[in-house]
Amino acid sequence: MKSLADLEAIRQRAATDVNIRREHDGTRIVVGMATCGIAAGARPVMTAFVEEIGKRNLSDVSVVQTGCIGMCRLEPIVEVMRPGEEKVTYVKMTPEKARRVVSEHIVNGNIVAEYTIGNA
Amino acid sequence: MYRGHVLCCGGTGCTSSGSEAIINEMEAQLKANGLENEIKVIKTGCFGLCALGPIMVVYPEGAFYSRVKVEDVKEIVEEHLLKGRIVTRLLYQETVEDDGIKSLNEVDFYKKQHRVALRNCGVIDPENIDEYIEADGYKALGKVLTEMTREEVIDEVTKSGLRGRGGGGFPTGLKWKFAYNAKGDKKFVACNADEGDPGAFMDRSILEGDPHSVIEAMAIAAYAVGADQGYIYIRAEYPIAVKRLEIAIGQARAYGLLGKNIFGTDFSFDLELRLGAGAFVCGEETALMTSIEGKRGEPRPRPPFPANQGLWAKPTLLNNVETYANITQIINNGAEWFSSIGTEKSKGTKVFALGGKINNTGLVEIPMGTTLREIIEEIGGGIPDGKKFKAAQTGGPSGGCIPAALMDTPIDYDSLIQIGSMMGSGGLIVMDEDNCMVDIAKFFLEFTVDESCGKCAPCRIGTKRLLEILTKITDGKGTMEDIDRLEELAYTIKNSSLCGLGQTAPNPVLSTLRYFRDEYIAHVKDKTCPAGVCKALSRYVINREKCKGCSLCSRQCPVGAISGKIKEPFVIDSDKCIKCGACMEACKFGAIYKK
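Residues numbered from 1 in each chain as written. Chains lettered and ligands numbered in written order. Predicted model: local features only at pLDDT ≥ 70, side-chain atom pairs only at ≥ 80, totals over all residues. Heavy atoms only, no water.

Helices and strands together make up the secondary structure of chain B, namely 23 helices and 19 strands. On C-alpha atoms alone, chain B measures out to a radius of gyration of 27 Å, which is about the 25 Å that the 2.2 N^0.38 rule sets for 595 residues. Dimensions of chain B along its principal axes, counting C-alpha atoms only, are 90 × 65 × 40 Å. Within chain B, the fraction of its 595 residues that count as buried is 58%. Intrachain contacts of chain B at a sequence separation of at least 6 include 70% that bridge at least 24 residues. Where the 72 positive side-chain charges of chain B centre and where its 79 negative ones centre are 7 Å apart. (Helix = DSSP H or I, 4+ residues; strand = E, 2+ residues; numbered from the N terminus. Rg over C-alpha atoms; globule rule 2.2 N^0.38 Å. Buried < 20%, exposed > 50% of the residue type's maximum accessible area, 1.4 Å probe, protein only. Contact = heavy atoms within 4.5 Å. Lys, Arg positive; Asp, Glu negative; His and termini not counted. Charge placed at Lys NZ, Arg CZ, Asp CG, Glu CD.)

Set out below in structure tokens:
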């Protein structure tokens, strides 16, 4: 390390990892992980979210789990909550769909309407 | 990228209650459930709430699990980490609310605390320099080396009003200035991590939880005073702290934060550890330096002061761990920010190790000026079993006690001196009505008699005589003249001892005499120990009304001191009784009591 810029680079690299422990108001991705969700394939969906967020260095996004939402036939269900916006519920998710939601909705703010519960 | 972090306390407190096994089990369970690439386990330093250890915090939810057992880990993994259902049963119940959990900062124990020196303890992974850097680590060193002159650094520390946290309370900026002004071809900086007061563990926790904060501050100090070599003198009894320091120094060297031309400047600095062999006197600055030099740890007269002639007779700056831990915050946030915390003459915060008769034993950091009542009743959660608070001992064997009447005294350097105690390094031992103050004074004297290095007569012989008089009093053989002699001798030792150890050793006697003289008099005149602690003065008696004559006590008595006829009240022969208390424990009718 030879300069303050080097130090800052290390700091930013570490930030993506440590941010999860801070109280933040960023985006929350909630994956339904009850028996119904897991049976329908929620685990690979969640893993896809985690991987994609890591790949893109999105430090202000957290992935959390929740129980059964009550619409088991539509699992895997994923809710995306962006600060100041209404909650968006995606249904019948797959890892591919998850990656698209990250790039279009989480990063660019465009809801992927065709996966939402309204279109199910 | 991990979606969750499991932070387990790896401080000495939680380690001794089994956190190591819990961490291993957690890793095994994560693997068994295929979660090892999703959830990261981090071993942190002390969270402060040692009474509730082992502690585990799960993020992003911030769920605070307390008193975790190895058997609980499976449930936490399968329920919380796999399915996302927090195991409410295992949470620290103070954090549980009807509609979820509340943040730790809102819990009574943490609410009134202000964490400056402990800011990273229990928050970062102390064995990973990246996490320290992420928390603005080494930013202060970078700023100092690239933007500030040596004089500006000293000025900033002086303006902050920081005073030595090892107990003396000497202004840190002034100390730095002395070392800066001292002439010499070679200078050293050193860190006193020889924390010896019984019941004190602040410095250990800082080194275990945030070792880089001390390393960075020592580099800043070295730049300011013109040193290029540092030593951390740490007790060998702190193996976890030693290990983490070694790891931290290795990582800092690998990043070039220690070594030659740090941040591309002319400044070079390196650090070495020196392990203390357990002598209390080595916490005294001149003895500590003699010990670093490889000689027997004995103090020497001052002047010359270490700032002019310290290690190998070269100018040396010596500060305590907690003092260093404040430095980077002062540089990063400014002297004004620091001096806005605390009281007029005592700036910033102080870490205390809460121990004794208190519910939340552990580590707390409070702004100077907080009252003892707030610490004990609000943060500490009060005295267990509904007992009454009697006194608190600050400053360990060098300090004194604060009685209940003075509970509203603000805690700062000068107020504590005024009431006959001292800040000390930060041990705070709480005593309730069951503690005998003469016995407490005797306990601390036993410690200093053991630890006196023997170099000067007042300390070597004087403390021994003090202890003899105290023992005589607790044995019920004291006279009123003994109390006067105790006081006279105490002042003589204070005035004539060579170093801080002897000069402060009589403090526990003097302060208990000041506030609890009546207890001394009760021991001498009435031959009783009001708290019922001193064995020689207590007596076991059988209540004739309650005794059913079952003979159980007489069968338990190891010396055959209890006799009587079956179905008639038994009696204890006080001359034979050795006051072991076995009879009282055995009695099923509560007929035996101590008086």
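Past the structure itself, the notes keep going.
Hydrogen bonds along the backbone pair up the strands of a sheet, which may run parallel or antiparallel. All names here are of chain A. Spatially, four strands are ordered S2-S1-S3-S4 in an open sheet, and the strand pairing comes out mixed. At either margin of the open sheet sits one strand with a lone partner, and together these are strand S2 (61–66) and strand S4 (88–90). The mean angle between the axes of side-by-side strands here comes to 20°, regardless of whether they run parallel or antiparallel. The pairing of strand S1 (residues 27–32) with S2 spans six bridges and is classified as parallel. Counterpart to Val 31 in the pairing with S2 is Gln 65. Helix-sheet contacts for helix H3 (residues 42–55) involve S1, S2 and strand S3 (78–81), and the interaxial angle to S2 is about 165°. (Pairing = 2+ DSSP bridges. Axes fitted to C-alpha atoms, helices over the stretch in contact; angles between N-to-C directions.)

Residues and elements named next belong to chain B. If you trace the backbone, Pro 54 turns up in the loop between strand S2 (39–44) and strand S3 (56–59). Sequence separation between Pro 54 and Gln 251 is 197 residues, and the spatial gap between their C-alpha atoms is 28 Å. Residue contacts for Pro 54: discarding those within four places in its chain leaves Cys 14, Ser 17, Gly 18, Ser 19, Ile 22, Tyr 65, Ser 66, Arg 67 and Val 68.

This brings us to the pairing of strand S15 (residues 427–432) of chain B. Residue and element names in this part refer to chain B. Taken across its six residues, S15 has five buried, putting it largely inside the fold. Of the pairings in the sheet, the one linking strand S11 (residues 349–356) to S15 comprises four bridges and is parallel in character. In the strand pairing of S15, Gly 356 is matched with Val 430. Strand direction decides the pairing type here: strand S13 (residues 389–394) and S15, joined by five bridges, are antiparallel. Bridge pairing links Gln 393 to Ile 429 in S15.

Here we take up the pairing of S3 of chain B. All names here are of chain B. Side-chain alternation along S3 places Met 56 and Val 58 on one buried face and Val 57 and Tyr 59 on a second face that is also buried. Judged from the four bridges that link them, strand S1 (residues 4–9) and S3 form a sheet pairing that is antiparallel. Directly across from Leu 7, in S3, lies its bridge partner Val 57. In this structure, S3 lies alongside strand S4 (residues 63–65), joined through three bridges in antiparallel fashion. Along S4, the bridge assignment pairs Val 58 with Ala 63. If you look at the hairpin formed by S3 and S4, you'll find three residues sitting between the two strands, and Gly 62 has a positive phi there, around 75°.

Quick look at the packing of aromatic side chains now. Residue and element names in this part refer to chain B. Across all of its chains, the model carries 13 aromatic pairs over all chains by this definition. Between Tyr 223 and Phe 267 the ring centres are 5.7 Å apart and the planes differ by 85°, which places this aromatic pair in the edge-to-face class. Highlighted residues: Tyr 223 in helix H10 (residues 211–225) and Phe 267 in the loop between helix H11 (239–254) and strand S9 (270–276), separated in sequence by 44 residues. Joined through ring pairs, the aromatic side chains of Phe 47, Phe 64 and Tyr 92 make up one cluster. Positioned above the aromatic ring of Tyr 238 is the side chain of Arg 204, whose terminal nitrogen or guanidinium carbon lies 5.6 Å from the ring centre. (Phe/Tyr/Trp six-rings, centres within 6.5 Å; stacked < 30°, edge-to-face > 60°. Lys NZ or Arg CZ within 6 Å of the ring centre and 35° of its normal.)

Of the residues lining the interface, 39 residues belong to chain B; the matching set on chain A comes to 29 residues. Between chain B and chain A lies a buried interface of about 2900 Å² when both sides are counted; carbon and sulfur atoms form 57% of it. Together, Met 1, Arg 3 and Glu 134 of chain B form the three largest contributors to the area buried by chain B at its contact with chain A, with a combined 26%. Here chain B and chain A share three salt bridges between them. The closest approach of N and O atoms between Glu 38 of chain B and Arg 43 of chain A, which form a salt bridge, is 2.7 Å. One can count 10 residue pairs in polar contact (both at pLDDT 80 or more) joining chain B with chain A. Counting residues per element, the ones that place at least two in the side of chain B that touches chain A are S1, S2, helix H3 (70–83), helix H5 (129–134) and helix H6 (139–147) of chain B. Classifying every residue of the side of chain B that touches chain A by side-chain character gives 16 nonpolar, 11 polar and 12 charged. (Buried area = accessible area lost by both parts, 1.4 Å probe. Salt bridge = Lys/Arg side-chain N within 4 Å of Asp/Glu carboxyl O. Polar contact = N/O pair within 3.5 Å; in protein donor to acceptor, adjacent residues only side chain to side chain. Nonpolar A, V, L, I, M, F, W, Y, C, P; charged D, E, K, R; others polar.)

Turning next to helix H1 (residues 4–18) of chain A. Helix length check: H1 of chain A, at 15 residues, gives a terminal C-alpha distance of 20 Å against a target of 21 Å (1.5 Å per residue), a fit within 8%. Within H1 of chain A, the full set of buried residues consists of Leu 7, Ile 10, Ala 14, Ala 15, Thr 16, Asp 17 and Val 18 of chain A. Among the structural elements, S1, S2, H5 and H6 of chain B are those in contact with the buried residues of H1 of chain A. (Expected span 1.5 Å × (residues − 1).)

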